[in-house]
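Examination of the molecular architecture
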Amino acid sequence: MALIYPVLSDAPDPDEEALPDFAELAADLSDQWLVEVAVGEDGDEGCFGPLSARAAWDLAVGVDQRRPDWEISILPLYQPGTPDELAAAFNDEDDEDDDAGTAPA
């Protein structure tokens, strides 16, 4: 399955069969979403939105079921805050470990 969607770095690992918490996605990331579909390696792609988190998920899953070889991404259209806040929302433990050993230049 080539379905890509964001999760917050501090979110617990979801069950494999569990749906995302759409209200949480809207509250934490954005209330408007975009579905990006890449249909091949030659650059053919399309974007669909703005959609609600649930509508974007339903569209992406529906396309993925019909064309599992395509890469489908669900992306937030708007994230309020600064670039540092946005980057921090998606940091994972590996990034934090890498940054801990380096001092700013």
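Before going into details, it helps to say that this report is about the structure given with it. (Residues numbered from 1 in each chain as written. Predicted model: local features only at pLDDT ≥ 70, side-chain atom pairs only at ≥ 80, totals over all residues. Heavy atoms only, no water.)

1. Quick notes on the overall build of the protein chain
Operational definition: We count a stretch as a helix when DSSP gives it H or I for four or more residues in a row; a strand needs E for two or more, and each element gets its number in order from the N terminus. Exposure is judged per residue with a 1.4 Å probe applied to protein chains only, and the accessible area is read against the type maximum: over 50% gives exposed, under 20% gives buried, and values in between give partly exposed. We call two residues contacting when some pair of their heavy atoms lies within 4.5 Å.
Of the regular secondary structure elements, the protein chain holds 4 helices and 4 strands. Reading the secondary structure of the protein chain in the N-to-C direction produces β-α-β-β-α-β-α-α. The buried share of the protein chain, reckoned over its 105 residues, is 23%. Sequence separation of at least 24 residues holds for 62% of the intrachain contacts in the protein chain that already meet a minimum separation of 6.

2. Digging into the pairing of strand E3 (residues 45–51)
Heads up, the condition is: Strand pairing is assigned whenever DSSP detects at least two bridges linking the two strands.
Note: strand E2 (residues 33–38) against E3, 5 bridges, orientation antiparallel. Looking across to E3, one finds that glutamate 36 is bridged to cysteine 47.

3. Concerning the nonpolar core
Inclusion rule: To qualify as a nonpolar core, a set must consist of buried Ala, Val, Leu, Ile, Met, Phe, Trp, Tyr and Cys residues joined through side-chain atoms within 4.5 Å.
Leu3, Trp33, Ile72 and Ile74 are the most contacted members of the largest nonpolar core, which has 15 residues in total. Elements represented by at least two residues in this core include exactly helix H1 (22–28), E2, helix H2 (53–66) and strand E4 (71–76).

4. Considering the pairing of E4
Both strand E1 (residues 3–4) and E4 contribute to a ladder of 2 bridges, which runs parallel. Within the sheet, the bridge partner assigned to leucine 3 lies in E4 and is isoleucine 72. Pairing geometry for E2 and E4, over 6 bridges, is antiparallel. Considered in E4, the bridge of tryptophan 33 is made with proline 76.

5. Observations regarding the pattern of salt bridges
Note the cut-off: Criterion for a salt bridge: a side-chain nitrogen of Lys or Arg within 4 Å of a carboxyl oxygen of Asp or Glu.
On inspection of all chains with the given rule, the structure shows 1 salt bridge. Put simply, aspartate 58 and arginine 54 hold a salt bridge, and the shortest N to O gap is 3.1 Å. Pair noted here: aspartate 58 and arginine 54 are both in helix H2, with a separation of 4 residues, about one helical turn. Of the residues examined, arginine 54 reaches a relative accessible area of 39% and is grouped as partly exposed.

6. Points about a negative patch on the surface
As a reminder of what qualifies: Every patch collects residues that have over 30% relative accessible area and no salt bridge, joining them within 9 Å if they carry like charges and within 5 Å if they are nonpolar side chains (Val, Leu, Ile, Met, Phe, Trp, Tyr). Here, Shrake-Rupley sampling with a 1.4 Å probe gives the accessible areas, and only protein chains in the shown set may cover a residue. The charge count includes Lys and Arg as positive and Asp and Glu as negative, but it does not include His or the ends of the chains. To locate a charge, take NZ of a lysine, CZ of an arginine, CG of an aspartate or CD of a glutamate.
On the surface, a cluster of negative charge is contributed by Asp10, Asp21, Glu24 and Asp28. With respect to the element layout, aspartate 28 can be found in helix H1.

7. Here's the deal with the sheet that holds E2
The 4 strands are arranged E1-E4-E2-E3 in an open sheet whose pairing can be described as mixed. Of all the strands in the sheet, the pair left with one neighbour each is E1 and E3.

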